[in-house]
Amino acid sequence: MANVNIEESWKEVLAEEFNKPYFEEIVTFIKEEKLKDKIIYPPGNKIFEAFRMTPFHKVKVVILGQDPYHNPNEAMGLSFSVPQGVRVPPSLQNIFKELSSDLNLPIPSHGDLTKWAELGVLLLNACLTVEHGVAASHQAIGWQSFTDVVIQKLSKQKNAVVFMLWGNYAKRKRDLIDPMKHLILEAAHPSPLARGAFNGNKHFSQANTFLVLNDLSPIDFNLT
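Note that this is a predicted model, so its numbers are computed, not measured.

K.L.:
Explain the packing of helix α4 (residues 90-103) against helix α8 (residues 203-213) to me, using residue names and the numbers behind them.
P.N.:
Packing of α4 against α8 leaves a shortest axis separation of 8 Å and a crossing angle of 60 degrees. One way to sum up the angle between α4 and α8 is to call them oblique. Along the contact surface, α4 presents I95, E98, L99, D102 and L103, while α8 presents H203, F204 and S205. Of the residues in the contact of α4 with α8, the class split is four nonpolar, two polar and two charged.

K.L.:
Describe in detail the packing of helix α2 (residues 21-35) against helix α6 (residues 143-157), supporting the description with residues and values.
P.N.:
Where α2 contacts α6, the axes come no closer than 9 Å and their chain directions differ by 130 degrees. As far as their axial angle goes, α6 and α2 are oblique. The interaxial crossing formed by α2 with α6 has left-handed handedness. Of the residues in α6, those touching α2 at Y22, F23, I26 and I30 are W143, S145 and F146. Across the contact of α2 with α6, the residue classes break down as six nonpolar, one polar and no charged.

K.L.:
Please provide a residue-by-residue account of the environment of F80, values included.
P.N.:
Note that F80 resides in the loop between β2 (61-65) and α4. With a relative accessible area of 10%, F80 lands in the buried category. C-alpha of F80 to C-alpha of I95: the two residues are 15 residues apart in sequence and 9.0 Å apart in space. If sequence neighbours within four positions are ignored, F80 has contacts with I63, L64, G65, Y69, S91, L92, I95, G111, L113, W166, H189 and P190.

About the thresholds
Residues numbered from 1 in each chain as written. Predicted model: local features only at pLDDT ≥ 70, side-chain atom pairs only at ≥ 80, totals over all residues. Heavy atoms only, no water. Axes fitted to C-alpha atoms, helices over the stretch in contact; angles between N-to-C directions. Helix = DSSP H or I, 4+ residues; strand = E, 2+ residues; numbered from the N terminus. Parallel < 35°, antiparallel > 145°, perpendicular 65-115°, else oblique. Contact = heavy atoms within 4.5 Å. Nonpolar A, V, L, I, M, F, W, Y, C, P; charged D, E, K, R; others polar. Left-handed = near helix turned anticlockwise from the far one by under 90°. Buried < 20%, exposed > 50% of the residue type's maximum accessible area, 1.4 Å probe, protein only.

Given below as structure tokens:
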């Protein structure tokens, strides 16, 4: 898996991780699950899509999700994103409502966030895989160790990155980030289960203000 769709700058930054026992255990676990005819999302060639689409040196913003969507045709390796033509999930609908309210942008007709990834938004899930129909089913297989390192590397080796931590699960990663170098934005999860607590956080405008103050170009979040 370490050789599938990992962009070169990420390969260099994360080289040590791919040889560690915990990572080998992740690979073995997924292979064994597939031998049991378990369906795993996203497809194997999309597991590291966030790292393929957003090179390390281009990361400006990190949006941290929990794990991939566990329904057919939804997970594409980018947190919260679904392919063109797939129904926009409720959490993403709420993200779009906040985007519209915050930046006065039209609500997109699709849920494909590829454009954000190409502009420097690392759409990272804390767990990179999930079993069909079973949310959070791969939380204990070692992915957290891997994505903790990802966040630590970004915090240590880069300056002026915006980290959007949505929900309690994402907020636990706060201690991995240097608040003196980076902007940490926290909010409730965009899920409808949060009963509107996500609304009004204005993270998108705060992110762009921070980037501009640090002599970086803002993110064009318009997807229409």
